[in-house]
Amino acid sequence: MITDDAKYIRRAIDLARQARERGNHPFGALLVADERIVLEAENTVVSQNNPTHHAELNLVQAAWQTLPSELIRRSTLYTHRGWGIASMARAAARWARFS
């Protein structure tokens, strides 16, 4: 049986593949609240010509532009990076107050 965490990590891997197909670095991230995906993002560093457009940072920015803060605060960020997210993205996620 596939756990919910595994399901969300697999989706992050799919997003990473999409990013790579678009010529970007292979990273994806998603935000989950109440057992459903509420937002997805992928890396756009190359296509946007911006070194700060990591998948996690794109997700944080989109979350705060489109979602109510109470939903954000009870959300969990998922990514497929086995070694954890980059320090810049980790700090942004902490400041975003994801659970």
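Refer to the structure presented above.
Anyway, here's the lowdown on the structure attached to this text. Along every chain, residues carry numbers that run from 1 in the direction the sequence is written. In view of the model being predicted, local features appear only for residues whose pLDDT reaches at least 70, and side-chain atom pairs are presented and counted only at 80 or more, with totals across whole chains, interfaces and linings using the full set of residues. Working from all heavy atoms in the structure, the side-chain values ignore hydrogens and water.

**With respect to the overall build of the protein chain**
To keep it simple, the criterion reads: For helices the rule is a DSSP run of H or I covering at least 4 residues; for strands it is a run of E covering at least 2, with both sets numbered from the N terminus onward. Remark: exposure states derive from per-residue accessible area (1.4 Å probe, protein chains only) relative to the maximum for the residue type, with buried under 20%, exposed over 50%, and partly exposed in between. All accessible areas in this document rest on Shrake-Rupley with a 1.4 Å probe, and a residue is counted as covered only by the protein chains that are shown.
A tally of regular secondary structure across the protein chain gives four helices and three strands. If you list the helices and strands of the protein chain from N to C, you get α-β-β-α-α-β-α. Counting across all 99 residues of the protein chain, residues that qualify as buried make up 43%. Only carbon and sulfur atoms are counted for the fraction: they give 52% of the accessible area of the protein chain, which is about 5900 Å².

**Description of the side chain of Glu42**
Our working definition: Any pair of N or O atoms that falls within 3.5 Å is considered a polar contact. Within protein, one atom must be able to donate a hydrogen and the other to accept it, and sequence-neighbouring residues count only if both atoms are side-chain atoms. Contact between two residues is taken to exist if any of their heavy atoms lie within 4.5 Å; hydrogens are not considered.
With respect to the secondary-structure elements, Glu42 resides in strand β2 (residues 36-42). Within polar-contact distance, the side chain of Glu42 engages the side chain of Arg22 at 3.0 Å. With residues up to four places along the chain from it excluded, the contact list for Glu42 reads Leu15, Gln18, Ala19, Arg22, Phe27, Gly28, His53, Ala55 and Asn58.

**Quick notes on the pairing of β2**
For clarity, the threshold we go by: At least two bridges found by DSSP between two strands are what make those strands a pair.
Taken together, the six bridges between strand β1 (residues 28-33) and β2 define a ladder with antiparallel strand orientation. Across the sheet, the residue bridging to Val32 is Ile37, located in β2. Between the end of β1 and the start of β2, which pair antiparallel, lie two residues, with Asp34 showing a positive phi angle near 55°.

**Quick notes on the nonpolar core**
Put simply, the rule reads: By convention a nonpolar core is built from buried Ala, Val, Leu, Ile, Met, Phe, Trp, Tyr and Cys residues, the set being connected through side-chain atoms within 4.5 Å.
In this structure, Leu31, Val38, Leu39, Leu59, Ala63, Leu67 and Leu71 are the most contacted members of the largest nonpolar core, which totals 14 residues. The set of elements that each furnish at least two residues to this core consists of β1, β2, α2 (55-66) and α3 (69-73). Setting aside chain neighbours within four positions, we find Leu59 in contact with Ala29, Leu30, Leu31, Leu39, Glu40, Ala41 and Leu77. Residues Tyr8, Leu15, Leu30 and Tyr78 belong to the second largest nonpolar core, which totals six residues.

**Things to note about unusual backbone geometry**
In this model, Asp34 sits at a positive phi of 55°, which is unusual for a non-glycine residue. Structurally, Asp34 is set in the loop between β1 and β2. Residue Glu35 is not a glycine yet carries a positive backbone phi of 65°. As for its position among the elements, Glu35 is in the loop between β1 and β2. The exposure class of Glu35 is exposed, given its relative accessible area of 65%.

**Overview of the packing of aromatic side chains**
Where we set the bar: Two aromatic rings from Phe, Tyr or Trp, using only the six-membered ring of Trp, form a pair when their centres are within 6.5 Å; if the ring planes differ by under 30 degrees the pair is stacked, by over 60 it is edge-to-face, and anything between is tilted.
This model, assessed by the stated rule, comprises one aromatic pair. Here the aromatic rings of Tyr8 and Tyr78 are separated by 5.0 Å at their centres, their planes lie at 55°, and the arrangement is tilted. Taken together, the residues Tyr8 in helix α1 (residues 4-21) and Tyr78 in strand β3 (residues 76-79) connect sequence positions 70 residues apart. Here Tyr8 and Tyr78 have matching classes, each one buried.

These figures come from the coordinates and say nothing about function on their own.
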